[in-house]
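Chain by chain, the residues:
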Amino acid sequence: MTTPADPSPDAPTPAVPAMTPLAGRIANLIRAHGPISVTDYFALCLADPDYGYYQTREPFGAHGDFITAPEISQLFGEMIGVFMVHAWQQHGAPTPVKLVEIGPGRGTMMADMLRVIAKLAPPLFETLEVHLVETSERLRGVQRVTLETYSTKISWHGSFDQVPEGFTLIAANELFDAIPIRQFVQTKTGFRERMVGLDADDALTFTIGIATLDPSLLPGETGRVPDGTIFEYAPARQAVMQTLSERLRTHGGTAVVIDYGHMVTSFGDTLQAIRNHDFDAALAHPGEADLTSHVDFEDLARIARDTGVHLNGGLRQGEFLYGLGIAERATVLAKDREPPEQRLIASAVDRLAGEGAGKMGELFKVIAVSSPAIHLMPFRPVE
Ligand code: SAH
């Protein structure tokens, strides 16, 4: 997640262990079998059954390591709810509907979406089934509590392909950044896979492996980039995008994907760790830091198009939220509240949709994919 939560002033300074338990486990693995790829390192950091970050930590929200948009304000989930109702109407208001969220975190966004859907579109709300795709057992427990009011509508799945078929509306906020990437480094002999090995002091360090990269995957006419340049390639993200696009193509529906990243494929190392509210070195505290990387939206869009679904977007999150009416909704929410509450609402809108450091409006991007092809507001129509 890109935005560290505000440091709590009374948080004790944690004792920094020389090596986390997961670092010890990874070091043993490397001693026995040699360096591991960045993608394997990424996967172990987040999902190791004993020490993985999502298995052990409560990362979200004001007291976690980072804050995501739904945890900043109910306005975010409400806008996604408005967008879902709009998509459903543009699809001709079919029933029944499967409303799917992949990577629901604490379940906050789904709760805010459902409240709006129930209000704006009772016929949709009454017939919809909610399917949550979540890999972390612990987070499923949190989601169960947040969404208790809706328990009869909800089921959980370990992967998207287990969601029953049918017309589907899908939302994924900050999911793709948490799916591991491969990294390749430019060397004298071309791009080679970046690996994690051990240095002379037995500490984790980046090394260069044997696997090469198909040069056709590199962005356009850039010529030869300097040695050391990193290129990120994300087949696991592509696979998720492809699976959900195929589902939409076969059974109809729309998926909205929100994350931080870039609209155009480019070079650069975007692997980032956040620990105790602050940026951390990617190899410093495996299992104790959140590990993510920026999302290449051009790549996701290409996968969707190649699968035969229609693409709306992309837009920056700020344009998307303002286009859906977040400012107007904030005004309604602030009405008859005390000034401090009104200021909180205004600052939440600014953090979600504003531009500049610490704000999400510019760095975060939104795309929507649909089948059959429909135009969705506030995306610009395709000529
Ligand atoms: N959408 C939430 C949480 C984002 S964090 C929010 O905005 O607050 C990423 C979420 O994705 C977590 O719930 C994590 O457990 C889940 N996750 C990570 N990889 C996943 C995968 N491959 N399939 C489904 N969920 C996954």
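Below is a short write-up of the structure. The numbers attached to residues start from 1 for each chain and follow its sequence in the written order. In keeping with the predicted nature of the model, local features appear solely for residues at pLDDT of at least 70, side-chain atom pairs appear and are counted solely at 80 or more, and the whole-chain, interface and lining totals rest on all residues. Processing note: side-chain calculations cover all non-hydrogen atoms of the structure and skip hydrogens and water entirely.

1. Details of unusual backbone geometry
Most peptide bonds take the trans configuration, and most residues that are not glycine carry a negative phi.
At step 1: With an omega of -5°, the peptide bond between serine 371 and proline 372 qualifies as cis.
At step 2: Helix and strand definitions here come from DSSP, where helices need a minimum of 4 consecutive H or I residues and strands a minimum of 2 consecutive E residues; each element is numbered from the N-terminal end. Inspection of the secondary structure assignment puts proline 372 in the segment after β16 (364–371).
At step 3: For the peptide bond that leads from methionine 377 to proline 378, omega is 0°, which places it in the cis range.
At step 4: Inspection of the secondary structure puts proline 378 in the segment after β16.

2. Looking at the layout of surface pockets
At step 1: Grid points spaced at 1 Å over the protein atoms alone were grouped into cavities, where a 1.4 Å probe fits but cannot get out, and pockets, open sets with protein on both sides within 12 Å along at least five of seven lines, with lining residues defined by an atom within 4 Å of a point. Grid points are joined across faces, edges and corners, and a volume is the space filled by probe spheres set on the points. In this structure, the largest pocket encloses a volume near 770 Å³.
At step 2: Gly103, Thr135, Leu175, Ala178 and Ile179 are the residues nearest the centre of the largest pocket, which is lined by 38 residues in total.
At step 3: Secondary structure elements with two or more residues in the lining of the largest pocket: α2 (38–47), α3 (53–56), α4 (69–72), β2 (98–102), α6 (108–120) and α9 (235–251).
At step 4: Side-chain classes are defined by residue name, with Ala, Val, Leu, Ile, Met, Phe, Trp, Tyr, Cys and Pro counting as nonpolar, Asp, Glu, Lys and Arg as charged, and the others, Gly among them, as polar. A breakdown of the residues in the lining of the largest pocket according to their chemical character gives 21 nonpolar, 11 polar and 6 charged.

3. Things to note about the sheet that holds strand β11 (residues 272–275)
At step 1: Any two strands with at least two DSSP-identified bridges between them are counted as paired. Strands sit in the order β12-β11-β13 across an open sheet of 3 strands; the sheet is antiparallel. Only two strands of the sheet have a single partner each, and these edge strands are β12 (278–280) and β13 (290–292). Ignoring strand direction, the axes of neighbouring strands in this sheet form an average angle of 35°.
At step 2: Bridge count between β11 and β12: 3 bridges; the pairing is antiparallel. The residue of β12 that forms the bridge with alanine 273 is aspartate 280. With axes taken as lines fitted to C-alpha atoms, and helix axes fitted only over the stretch in contact, angles between N-to-C directions fall between 0 and 180 degrees.

4. Description of the pairing of strand β4 (residues 154–157)
At step 1: Relative to β4, strand β3 (residues 129–133) runs parallel, the two sharing 4 bridges. Each bridged residue has a counterpart across the sheet, and for valine 130 the counterpart in β4 is isoleucine 154.
At step 2: Consider the strands pointing away from the viewer: the crossover is right-handed when the path from the first strand over the helix to the second runs clockwise. Each parallel crossover has a hand, and for β3 linked through helix α8 (residues 137–146) to β4 it is right-handed.

5. Quick notes on the pairing of strand β7 (residues 190–198)
At step 1: Judged from the 2 bridges that link them, strand β1 (residues 36–37) and β7 form a sheet pairing that is antiparallel. By the bridge assignment, serine 37 is partnered in β7 with methionine 195.
At step 2: Here strand β6 (residues 182–187) folds back onto β7, and the loop between the two strands holds 2 residues.
At step 3: In this sheet, strand β8 (residues 204–212) lies alongside β7 in antiparallel orientation, the contact comprising 6 bridges. Following the sheet pairing, arginine 194 is matched in β8 by isoleucine 208.
At step 4: Counting the residues that bridge the hairpin from β7 to β8 gives 5 residues, and of these aspartate 202 lies at a positive phi of roughly 70°.

6. Structural notes on the site of the ligand
At step 1: Around the ligand, a shell composed of 17 residues is seen, among which Thr68, Gly103, Gly105, Glu134 and Asn173 lie nearest.
At step 2: A 3.5 Å cut-off defines polar contacts: any pair of N or O atoms within that distance qualifies, except that in protein one atom must be a possible hydrogen donor and the other a possible acceptor, and neighbouring residues in sequence count only when both atoms are side-chain atoms. The separation between an oxygen atom of the ligand and a polar main-chain atom of glycine 105 is 3.1 Å.
At step 3: A distance of 2.5 Å separates an oxygen atom of the ligand from a polar side-chain atom of glutamate 134.
At step 4: Taking 570 Å² as the accessible area of the ligand by itself, protein coverage stands at 90%.
At step 5: Grouping the amino acids of the shell around the ligand by side-chain chemistry returns 8 nonpolar, 6 polar and 3 charged. Here a residue counts as near a molecule or strand whenever at least one of its heavy atoms sits within 4 Å of it. Only the protein chains shown count as cover for residues, with accessible areas throughout obtained via the Shrake-Rupley method and a probe of 1.4 Å.

7. As for the pattern of salt bridges
At step 1: Should a side-chain nitrogen of Lys or Arg be within 4 Å of a carboxyl oxygen of Asp or Glu, the pair is scored as a salt bridge. The full count for this structure, using the stated rule, is 21 salt bridges.
At step 2: Between aspartate 48 and arginine 25 there is a salt bridge, with its nearest N and O atoms 3.1 Å apart. Placement of the pair is aspartate 48 in the loop between α2 and α3 and arginine 25 in helix α1 (residues 21–33), with a sequence separation of 23 residues.
At step 3: Residue classification places aspartate 48 among the buried residues on the basis of a relative accessible area of 4%.
At step 4: Burial classification: accessible surface area is computed with a 1.4 Å probe over protein chains only, and a residue below 20% of its type maximum counts as buried, one above 50% as exposed, and the rest as partly exposed. Judged by relative accessible area, which is 36%, arginine 25 ranks as partly exposed.
At step 5: Between aspartate 227 and lysine 188 there is a salt bridge, with its nearest N and O atoms 2.4 Å apart. Of this pair, aspartate 227 sits in the loop between β8 and β9 (230–233) while lysine 188 sits in the loop between β6 and β7, and the two are 39 residues apart along the sequence.

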